[in-house]
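An overview of the molecular structure
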Amino acid sequence: MSNFIYADNAATTSLSPKAFDAMKPYFSEFYGNASSLYKLGGQSQKAVDNARLVIAECINAPKPNNIFFVSGGSEADNWAIKGAAELGERKNKKHIISSKFEHHAVLHTLEYLEKHGFEVTLLDVHENGIVRPEELEKAIREDTALVTIMFANNEIGTVQPIKELAEAAHKHNVLFHTDAVQAVGNVPVDVRELGVDMLSMSSHKFHGPKGMGALYVRTGIKLPNLIHGGAQERGLRAGTENTPGIVGMAVALKESVEKMSERNARLEKMRDRLIDSLLTIDRSRINGDRIHRLPGNVNMCFEGIEGESLLLMLDLNGVCASSGSACTSGSLDPSHVLLAIGLPHEIAHGSLRLTFGDENTEQDIDYIIKKVPEIVERLRSMSPLWEKIVKENA
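If you're wondering where the values come from, they're calculated on a predicted model, not measured in any experiment. Starting afresh in each chain, residues are numbered from 1 along the sequence in its written order. In keeping with the predicted nature of the model, local features appear solely for residues at pLDDT of at least 70, side-chain atom pairs appear and are counted solely at 80 or more, and the whole-chain, interface and lining totals rest on all residues. Hydrogens and water molecules were not included; the side-chain quantities draw on all heavy atoms of the structure.

Brief notes about the overall build of the protein chain
Scanning the protein chain for helices and strands turns up 13 helices and 12 strands. Radius of gyration (C-alpha) of the protein chain: 22 Å, near the 21 Å computed for a compact globule of 394 residues. Judged by the C-alpha coordinates and their principal axes, the protein chain covers about 75 × 55 × 35 Å. Here the term buried applies to any residue with accessible area under 20% of the maximum for its type, exposed to any over 50%, and partly exposed to those in between, with areas from a 1.4 Å probe on protein chains only. When the 394 residues of the protein chain are sorted by exposure, 56% land in the buried category. In the protein chain, 73% of the contacts between residues at least 6 apart in sequence involve partners at least 24 apart. Each accessible area is a Shrake-Rupley result for a 1.4 Å probe, and residues are judged covered by the shown protein chains and nothing else. For the protein chain, the accessible surface area stands at approximately 17,300 Å², while carbon and sulfur atoms represent 52% of it. For this count, His and the chain ends are skipped, Lys and Arg are scored as positive, and Asp and Glu as negative. Here the site of a charge means NZ on Lys, CZ on Arg, CG on Asp, or CD on Glu. Of the side-chain charges in the protein chain, 43 are positive and 52 negative, and the distance between the mean point of each set is 4 Å. A run of H or I in DSSP counts as a helix once it spans at least four residues, and a run of E counts as a strand once it spans at least two, with each numbered from the N terminus. Atoms counted for the radius of gyration: C-alpha only. Globule rule: 2.2 Å times residue count to the power 0.38. The contact rule is simple, with two residues in contact once any of their heavy atoms fall within 4.5 Å.

Here it is as structure tokens:
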């Protein structure tokens, strides 16, 4: 074991050495502005064009021009949702459907739109963390402008039936967007097979650089401008292209897709072994569907303890983990995702998310299997809540 075990790959991943090497020349040697006409700028433009092609091929987009570069998943979500809302408003359609356990990049954007006259319906995700296509179809109205459902949940790792959900939306001529930040590079994503209209992705979730992402937009959808200014990204998102970031993102995604089958088989085996072991702890539970989940995601709850204490003690023992989304790690409230699948507050507070990637080993799993029960037992020995649970169930 190294100095620490990194088990928070859903929050971010390490930068691929291959991506890092590909980026370096565009910081120094080929530093020209991609929008410039001279040769130095042309070299950057060629790199951007090639990266757009590579990313399009990785998700089976029909054309490179379906890919728009942005700063990350949150920006992609904002653009897709606000853009679709504006398109809908032009047709007097001001209703949007989403789910109760979306990332806050989606939920907070929807709250913003509600303040501007839109109506939002949030679908249940049920105990297994899966949105049901038949319930989506029932929620669609004549004034529905957009359906936005995440591909894979960032906390509990459940993978949604995106193809069926998109079909339900399209049956009623409604646009369908998916936040695929946790999915792209980690599970197969084929936008043509899925039939999605828009899809968000973020580079740092698949060993690319931070501050880099993309939005897939199906041909024929004309989104309003995101940033006004220059002519970059076909005039829709102004600002000088982040050439090194774009290059690194494309290299990392291609590498992740090429290694996906072998990596996921290994991660699924590790994940299932860890889940089976941790479920032997008294009054523990796995959150989310065991089958339809990301290969490297383990999300558990342990009654009678606080998740924050568990994380701090794991950190002291050399394990980097989380209790949910890194974007809300400063909050003392229980996860909205765990509440959405029906967990009471007192159980949701005792959550642990372990997410694994390329660099994790079977030895890491062995160590976590040893340490988590020890820490849970120690925390419960100091917990009045656990004492109460034991007395009530004696």
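Past the structure itself, the notes keep going.
Thoughts on helix α8 (residues 243-278)
To estimate the expected span of a helix, count its residues, drop one, and scale the result by 1.5 Å. If you check α8, its first and last C-alpha atoms are just 44 Å apart, much less than what 36 residues at 1.5 Å a residue would give, namely 52 Å. Across the chain, bend at a residue is computed as the angle between axes fitted to the seven residues ending at that point and the seven starting from it. At methionine 260, α8 shows its strongest bend, of approximately 65°. Capping of α8 at its N-terminal end is provided by asparagine 242; its side-chain oxygen lies 3.0 Å from the backbone amide nitrogen of glycine 245. Each polar contact in these results corresponds to two N or O atoms within 3.5 Å; when the atoms are within protein, one needs to be able to donate a hydrogen and the other to accept it, and residues that are neighboring in sequence are counted only if both atoms are side-chain atoms.

Notes on the side chain of arginine 271
Among the secondary structure elements, arginine 271 is positioned in helix α8. For arginine 271, a relative accessible area of 5% gives the class buried. Within the structure, arginine 271 has its side chain in polar contact with the backbone oxygen of arginine 293 (distance 3.5 Å).

Observations regarding the pairing of strand β4 (residues 119-123)
Remark: a regular strand shows side chains that alternate across the two faces of the sheet. Here strand β3 (residues 95-99) runs beside β4; their pairing, made up of five bridges, is parallel. Paired with histidine 95 across the strands is glutamate 119, a residue of β4. The parallel pair β3 and β4, bridged by helix α4 (residues 104-114), forms a crossover whose chirality is right-handed. Note on pairing: two strands pair once DSSP finds at least 2 bridges between them. Every crossover in which the path from the first strand over the helix to the second runs clockwise, viewed with the strands pointing away from the viewer, is termed right-handed.

Overview of the packing of aromatic side chains
Paired rings are identified among Phe, Tyr and Trp, the last through its six-membered ring, by centres lying within 6.5 Å, and are further divided according to the angle between planes into stacked (under 30 degrees), edge-to-face (over 60) and tilted (the rest). One pass over the full model with this rule turns up two aromatic pairs. Geometrically, the ring pair formed by tyrosine 26 and phenylalanine 30 is tilted, given 5.6 Å between the ring centres and 45° between the ring planes. Relative accessible area serves as the criterion here: at 22%, phenylalanine 30 is assigned to the partly exposed category. For a ring to carry a charge above it, either NZ of a lysine or CZ of an arginine must fall within 6 Å of the ring centroid while also lying within 35 degrees of the normal to the ring plane. Positioned above the aromatic ring of tyrosine 112 is the side chain of lysine 82, whose terminal nitrogen or guanidinium carbon lies 4.7 Å from the ring centre. The ring of phenylalanine 118 carries the charged tip of lysine 94 above its face, separated from the ring centre by 5.0 Å.

Keep in mind these values describe shape, not function.
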